[in-house]
Amino acid sequence: MAQDTIIPSPDALSGNGMAPPGFKDGIGKAIEIKNLVKQYKKVTAVNNISLDVYEGEIFGFLGPNGAGKTTTIKTLLGLIFPTAGEVLVLGKPAGDIDVKEKLSYLPESPYFYEHMTASEVVGFYGSLFGLSGTTKQKRVDELLELVGLQNAGKKSLRAFSKGMLQRVGIAQALINDPKVLFFDEPTSGLDPVAHRDIRDLILHLKSEGRTIFLSSHQLSDVELVCDRVSILHGGKIRRLGHVDELIAGGSVEVVAEGVKATETQMAQLRDLSSKSELVENTLTITTAASTESKNRVLDWVRAAGGNVLSMTQTRRTLEDIFYEVVHQGELETGTAFTVPSALEKNSMEKNLVEKN
Amino acid sequence: MLSSSRRLSLLVIALLLFIPIGFLQTQLIDPFYKKNYAPPKSKSGPSGLSLAGSNLPATFALGAFTGFREAIAGMLWVRCDEFFHNGDYDAIMPLIRIITWLDPHQIDVYETGAWHMDYNFTDSQERSDRRYIPLSVALLKEGIDNNEDQPDLYSDMAFVHYFRKIQDFPQSRHWFGKGWDVVTAKAVVDEKSDQHGLKDQINFDGADKGVMTVGHGYAHSLEFNGQEQEAVKQWQACLDLHQKLIAVKDGKDLSETQNLEIASKQLRELQGRLKYRPIDTKVPLDMGFRPQLVRVAPKVFVLQGSLNAIGAKKFVLETGAREFGPVDGCRVEIRLQDENYKLPDIGVYGLGSAVDPNVTIMQDAASVRAGKIGGDQGRKIDMSQDKDMYSFKAPRYTVTAWFAPNNPNDAPIQVQDRIGWLGEGLDPNQKNFVQTDGKSLLPGSVSPVPGLRMLAKTWTLSREDIVGAGKKVFN
Amino acid sequence: MNTIWLIASGTFGEAMRRKVLLIFLFAGLAIILMGVAFAGLATQARDLTVTKSLGLGVISLAGVFISVILYITLIPQEIERRTIYSILSKPVQRYQFLCGKFLGGLMTVLLNIALMGMVFILLVAAKQWFQYGLNPGPAVLAISKGILMIFFQMTLLGAVAMFFSVFLSPFVNFFLTFAVWLLGNASSLTEALADPGNDPTHPKSAFVVGIFKVLHVVIPNFANYNIQNPIINPHEHITNEPIYIAWNILYAIVYTAILLTVGSLIFDKREV
């Protein structure tokens, strides 16, 4: 399966070839991350990553919990400081006060001062950008309409649902007409309607030509809206590229019954497949779509005394790639993940299940 | 993030700000705070509460309660009242110590505390326990130290304690004199404050009340020490101040006018007496003072005998019309104490200050009716009921019965009209006459009044004389 | 300045709704009411003494709890709720954020103290006027001075708590700030220790005296602000008291400036 995926080297990642069509080298880079390392006392949260995000693209920043996503975003915002390496936003060091005029950040599950109304909160953030009077109010009203809160503007945030708060969060993030937006899990925990609305809103923002740095677990969303994605695991970038390139190739699902595998055979299976699932007597094995992979799986099923019931070729999804990365991480380290504890592994699995 | 040079300069500026902080703290704030707000340093000696003798201020121990110092003091004081009503006097002593320590400016604690000690800890016949007197004096002295400009405490010390209780008239005059200095100093301030339109402040400063309580008292105390001319001057000084205060108050305070009237009446009377007493005391008077002490049971005595008082039955100051004859209203004092007892000076009122349980002092007074001390029955003095107060541990006791012409309680004013302020009219040849010659009748307990002539009889009793059974007469 | 003011007003609105602070406010008001109504005391002078001391003491203590609990959590709570991210990702300097938070907290403390103070003053004035027939003017003026001093004491205490909150957890900060408060209240102790003394038989080491001198200056002095004794005993007169009060206000302002400057320097490097 190695040939089906791109395992980038740091040099390759910043290369011209990775830019979406129409971008020129060195021009229009909204975000530049050069050999970023963030070391906490015992943990290397971000381990030498390099990345460019171009103006006008939606960049998906994926990875399980503890992969280093939020750490990277916080570094880009100047909330925390790099141990080594350099981060530039719009060509200036992260945290620069001029740059902050042109960017915005939507934290995961944002909390706002509950004593304010939606209109007041958005206005409050507007004032931080020096907006005032009718200009501010006009902009606030526009934004509340954009996020669908035009009728709830006078309500105290205490009465707001999570989805409504997220809409307020997006409205406040747009108050300064930002060039670069950092969205951290903008759709997590939302009901389906709010989820779809926000996804549509992100596409709308993209159409306005803004750069969006989107960190998410919602792989289907990312697949739908992002131009390029990177998959982070254990503080390192494992995959980076255009969504279309990454999901090219697809996979094959082999369903078999009556398999009686030994311990050794089970170990072999983990090498052969990206995923295997045993439900009662039926074993479902997912593997790369190459002929070699398919044959090896079929051989294995026979060796284990099973009968093949079906074999289906599927288009690969980001989820598959995500699993590959996680799986590869296990192989590399001999444990589940580099950073997370068992607890975080569970929560990661929960997130993956949540998607369905 | 700020640049490192900017950070450094900000840090330097912040640290340099400690220079004005240090200046404010040590040069301006500390001295002012110490003078005006800090609780007094513990002055306690060996018997008192000392923090390992370190003389540390009370704040050290009470840092946590700084905001509640006075409230705690006030509540403890209420508790004191309960203890007093339950008769648990020993519990009151340390509480008063703590209260005045917490709130040194709560002057009614000194006043009431000392008053309790002097008057209200009594035996079953309502005679006060005089062993508390050194404590009350020490407490009031501390009160005055902590509130030097409060006239009330001086008049308390002078009148309630040295005059009425201890009958030490020179000491009474001393404290009135000090109080008067405070009042006159305040009166100057008051005139200034009047210029600034701060008339209300006079009422709060207590200078006006002080003219009455201290000023009038001082004049009386001069009289009781045989200093009539000084007393006249004092009354005149009081009149001056009353008039000033009336002017400042624009006649809004009627009591000030009344005070003025009292002072001028006192002055008129004193001047009248100065005119007639030198004449009326010329003929020596034998008052026939024959006190007799009778033991009727163990520790139970009767004071009886005779004292024939002559006084002005009628006296019109304006015309000088007056008529003398036998009068009632005199009083004979009696005191029993361990031989050679002296009033101790405990110096500082401490947490451990308490009475000496081995000392016995009894003082009483018998009024004279129809020439008989204590009337027909005599004055019964029962010391058998209060073993704590009258422990009779000493082998010998001095008992003194006396009549002091300068004490208005012993010699009412109409009697003084016949015998004078210091007993000038007493016949020196009569029985039991004492020319004090600068020596006190109770050496070590009261100060001598120069020139005082009095009537007195002293017995020395053994312990057996007191605790023995059966009737025994001491002449 | 506009940014600081914006953050301050947001903080104020949020802080005034904190239940724990309201508990102290209402407890304070309740004790003041009870104290004023406390009629079982023997004399007028003592009744007024206990009322005034209790009232000022309660305002001071409630003020301590309100400002300590408020200020130890202002910054950590912003981090915990992640509001700080949406604010610091806007064009807001960190010192502006810190000063705004401090100012907002101060407005909260001021309002709490003013509420308690006004109720207390009204009650004392009513008691003086209706129960004892005294002119309440001087007492009201004196108590107002005491409350003013309590407020500036809380300003300084709040600055201490906020300074520590920049790098300490609320739990540790709570105890540390209280320790500093107690130590600052025992300033006469450090002053006594810093006094070289004039007893030639027990000379003090110059080094030790020097250390205590520095300590005496560096420890924020809270005892300075306890001026209730003359307020409670109105016969006590202090000359030049307004100047003393002005010195202490200046002291609080300068010391707060030091704490906020150094706090900002630390906060500027802090990862949130």
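Residues numbered from 1 in each chain as written. Chains lettered and ligands numbered in written order. Predicted model: local features only at pLDDT ≥ 70, side-chain atom pairs only at ≥ 80, totals over all residues. Heavy atoms only, no water.

K.L.:
Before we move on, could you go through the sheet that holds strand β14 (residues 307-314) of chain A and cite the residues and values that matter?
P.N.:
Residues and elements named next belong to chain A. Strand order in the open sheet formed by 4 strands is β12-β13-β11-β14, and the pairing between neighbours is antiparallel. Each having just a single partner strand, β12 (275-279) and β14 make up the two edges of the open sheet. Pairs of neighbouring strands in the sheet enclose a mean axial angle of 15°, with direction left out of account. (Pairing = 2+ DSSP bridges. Helix = DSSP H or I, 4+ residues; strand = E, 2+ residues; numbered from the N terminus. Axes fitted to C-alpha atoms, helices over the stretch in contact; angles between N-to-C directions.)

K.L.:
Which residues make up the interface of chain A and chain C, and what are the values?
P.N.:
Taken together, the 29 residues of chain A in the interface contact 29 residues of chain C. In total, about 2,600 Å² of surface goes out of reach between chain A and chain C, with carbon and sulfur atoms giving 61% of it. The largest contributions to the chain A side of the interface with chain C come from Y111, Y113 and L128 of chain A, which together make up 26% of the buried area. Across the contact surface, chain A and chain C share 1 salt bridge. Across the pair K38 of chain A and E271 of chain C runs a salt bridge whose closest N-O atoms are separated by 2.6 Å. Taken together, the connections running from chain A to chain C amount to 18 residue pairs in polar contact (both at pLDDT 80 or more). For the side of chain A that touches chain C, the secondary-structure elements that each account for two or more residues are α2 (69-77), α3 (97-100), β6 (103-106) and α4 (118-128) of chain A. Considering each element in turn, the side of chain A that touches chain C owes the most residues, 4 residues, to α4 of chain A. When the residues that make up the side of chain A that touches chain C are grouped by side-chain class, the tally is 17 nonpolar, 5 polar and 7 charged. (Contact = heavy atoms within 4.5 Å. Buried area = accessible area lost by both parts, 1.4 Å probe. Salt bridge = Lys/Arg side-chain N within 4 Å of Asp/Glu carboxyl O. Polar contact = N/O pair within 3.5 Å; in protein donor to acceptor, adjacent residues only side chain to side chain. Nonpolar A, V, L, I, M, F, W, Y, C, P; charged D, E, K, R; others polar.)

K.L.:
Got a sec to walk through the interface of chain C and chain B? Specific residues and values, please.
P.N.:
At the interface, 54 residues of chain C touch 55 residues of chain B. Between chain C and chain B the total buried area reaches about 5,100 Å² when both faces are included, carbon and sulfur atoms providing 66% of it. Salt-bridge contacts for D268 of chain C lead to R7 of chain B; the nearest nitrogen and oxygen are separated by 3.5 Å. Where chain C touches chain B, the interface holds 7 residue pairs in polar contact (both at pLDDT 80 or more).

K.L.:
Which residues make up unusual backbone geometry, and what are the values?
P.N.:
All names here are of chain A. For N48, which is not glycine, the phi dihedral falls at a positive 55°. Its place among the elements puts N48 in strand β2 (residues 44-54). When its relative accessible area of 35% is taken as the criterion, N48 is described as partly exposed. Positive phi is not limited to glycine here, since L90 has a value of about 50°. In this structure, L90 sits in the loop between β4 (84-89) and β5 (92-93). (Buried < 20%, exposed > 50% of the residue type's maximum accessible area, 1.4 Å probe, protein only.)

K.L.:
Now, about the pairing of β6 of chain A: what can you tell me, with residues and values included?
P.N.:
Residue and element names in this part refer to chain A. By the alternation rule, side chains of β6 split into L103 and Y105 and S104 and L106, which are all buried. Pairing between β6 and strand β7 (residues 180-184): 4 bridges, direction parallel. Across the sheet, S104 pairs through a bridge with L181, a residue of β7.

K.L.:
Report on the packing of aromatic side chains, specifying residues and quantitative values.
P.N.:
To describe a pair of aromatic rings, one takes the distance between the centres and the angle between the planes. All names here are of chain A. Applying the stated criterion across every chain, the model contains 32 aromatic pairs over all chains. Measuring from ring centre to ring centre gives 5.8 Å for Y113 and F124, while their planes differ by 70°; the resulting arrangement is edge-to-face. Of the two residues, Y113 sits in the loop between β6 and α4 while F124 sits in helix α4, which places them 11 residues apart along the sequence. As far as burial versus exposure is concerned, Y113 and F124 are alike and both buried. (Phe/Tyr/Trp six-rings, centres within 6.5 Å; stacked < 30°, edge-to-face > 60°.)

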